[in-house]
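Secondary and tertiary structure notes
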Amino acid sequence: MSDSAPVIQVSQLTKRYRGKAAVDSLSFTVQPGRVTGFLGPNGAGKSTTMQLMLGLTRPDEGSATVGGRPYRELVQPLRTVGALLEARSVHPGRSAYHHLLWLAQSQRLPRRRVDEVLDLVGLGDVAHQRAGGFSLGMGQRLDIAAAMLGDPGVLLLDEPVNGLDPAGVRWIRDLMKRLAAEGRTVFVSSHLVNEMAVTADHLIVIGRGKLIADCPTVAFVADNSESSVLVRSPEVHRLAQLVVDEGAQWQRESATAVRIRGLDSDRIAELALLGRIVVQELRTETSSLEDVFMRLTEDQVEYAGKTKEATP
Ligand SMILES: Nc1ncnc2c1ncn2[C@@H]1O[C@H](COP(=O)(O)OP(=O)(O)OP(=O)(O)O)[C@@H](O)[C@H]1O
């Protein structure tokens, strides 16, 4: 890898299909030395953005550059950017070794890189077996080996953990962290917020092609973790009045239960005691990041809540 990995810059990027924006005036930068998660529900425009970054499709407006240049203008693109897209391109009858050797030769990369990337992804022992017999996880490792052949400073990975078992997910997560720690720019898309919460240092969140958040993962998790207190009491209406006087909000859950937001359980217990209100249950609940993400992107999810119409 060259000294410092280039920065990815996306500016006002727009791509329309049949007049509908798949990517809509999207702007962000991706810095080296950390894993940046590209998060959004299905159909949000993640794959389209990555295809635009790789020059596989042309934008209607705006630009995507790597180190200041569009991908198509990079002098040695494969030594600069390694990509893992969803489609697999290995001939099933070819061994992992020959697949990589063929790629290395077609890209004029040194032969020794084949052994290096096989070691990197842990496929050394099965390098001469037919790739057609590989499990999904092994196939994914082989695709990552191919992306790493040019020792690129930038990695673009589109949904790399889709369909993998927990060990495979963990392996990819650790590899991405290692590659970022080496100073590379690692950009990885996913629709799984919990996976990104443990993998990415920084998040770019999109919905319907538009930017929703661009912030450190810790900030996203802290800002979007909501807690509330569920209180069961025969006198919920009196308790509700007391919490409103303190500036909190409540919501009725049943005839004898309310959910309170904006006040912690200690203060609610004190208010109940001062008001001589019997409390049968007091429980703090934190909504999952998944729930918050769904709410954040709800309006953005394609066809959400709509029944599929029969095609004529
Ligand atoms: N080649 C294409 N022709 C027409 N529409 C397309 C094309 N590619 C993508 N789209 C549309 O653009 C929108 C964004 O799709 P895209 O695949 O980029 O989303 P995504 O976030 O990657 O979703 P997923 O997580 O399901 O892969 C969708 O409405 C999709 O149907």
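Cut-offs used in this document
- Residues numbered from 1 in each chain as written.
- Predicted model: local features only at pLDDT ≥ 70, side-chain atom pairs only at ≥ 80, totals over all residues.
- UniProt positions renumbered as here; feature names shortened; annotations may be inferred.
- Domains from an automatic or database assignment.
- Core = buried A, V, L, I, M, F, W, Y, C linked by C-beta atoms within 7 Å.
- Buried ≥ 20, exposed ≤ 12 C-beta atoms within 10 Å, placed from the backbone.
- Helix = DSSP H or I, 4+ residues; strand = E, 2+ residues; numbered from the N terminus.
- Contact = placed C-beta atoms within 7 Å.
- Pairing = 2+ DSSP bridges.
- Axes fitted to C-alpha atoms, helices over the stretch in contact; angles between N-to-C directions.
- Arc of directions from axis to C-beta.

As recorded by an unreviewed UniProt entry, the chain carries the name ABC transporter ATP-binding protein and is attributed to Plantactinospora endophytica. Among the UniProt annotations of the chain, the heading Sequence similarities (unreviewed entry) holds the following wording: "Belongs to the ABC transporter superfamily."

What follows deals with the domain arrangement of the chain. Each assigned domain of the chain is listed here: domain 1 (8-223) and domain 2 (227-286). A C-alpha centroid distance of 47 Å is found between domain 1 and domain 2.

Membership of the largest hydrophobic core comes to 63 residues, with the highest contact counts inside it found for Leu100, Leu118, Ala145, Leu149 and Leu156. With 6 residues, the single largest contributor to this core is helix α5 (residues 136-148). Dropping the residues within four chain positions of it, alanine 145 is found in contact with Leu100, Val117, Leu118, Leu120, Val121 and Leu123. Of all hydrophobic cores here, the second largest spans 12 residues; its members include Val231, Ile260, Leu263 and Ile268.

Before going further, it helps to spend a moment on the pairing of strand β3 (residues 34-39). Where burial is concerned, most of β3 is hidden: 5 out of the 6 residues are buried. One ladder, built from 6 bridges, connects β3 with strand β7 (residues 185-190); its direction is parallel. Within β7, the residue paired with threonine 36 across the bridge is phenylalanine 187. Where β3 and strand β8 (residues 202-207) come together, 4 bridges link them in parallel fashion. Counterpart to glycine 37 in the pairing with β8 is leucine 203.

If you walk across this open sheet you meet the 6 strands as β5-β6-β7-β3-β8-β9, and the pairing is mixed. In the strand order of this sheet, the two ends are held by β5 (81-84) and β9 (210-216), each with one partner. On average, adjacent strands in this sheet sit at an angle of 15 degrees to one another, irrespective of strand direction. Relative to strand β6 (residues 154-158), β5 runs parallel, the two being bridged by 4 bridges. The residue of β6 that forms the bridge with valine 81 is valine 154. Contacting β5 and β6, α5 crosses the sheet at an angle of about 160 degrees to β5.

Our focus in this paragraph is helix α3 (residues 96-106). Considered for burial, the residues of α3 that qualify are Ala96, His99, Leu100, Leu103 and Ala104. Taken down its axis, α3 places every buried residue within 130 degrees of arc, on the same side. Across α3 from its buried face, at more than 90 degrees, point the exposed residues Gln105 and Ser106. Contacts from the buried residues of α3 go to α4 (112-120) and α5. Following α3 by one or two positions, arginine 108 has its phi on the positive side, about 55 degrees.

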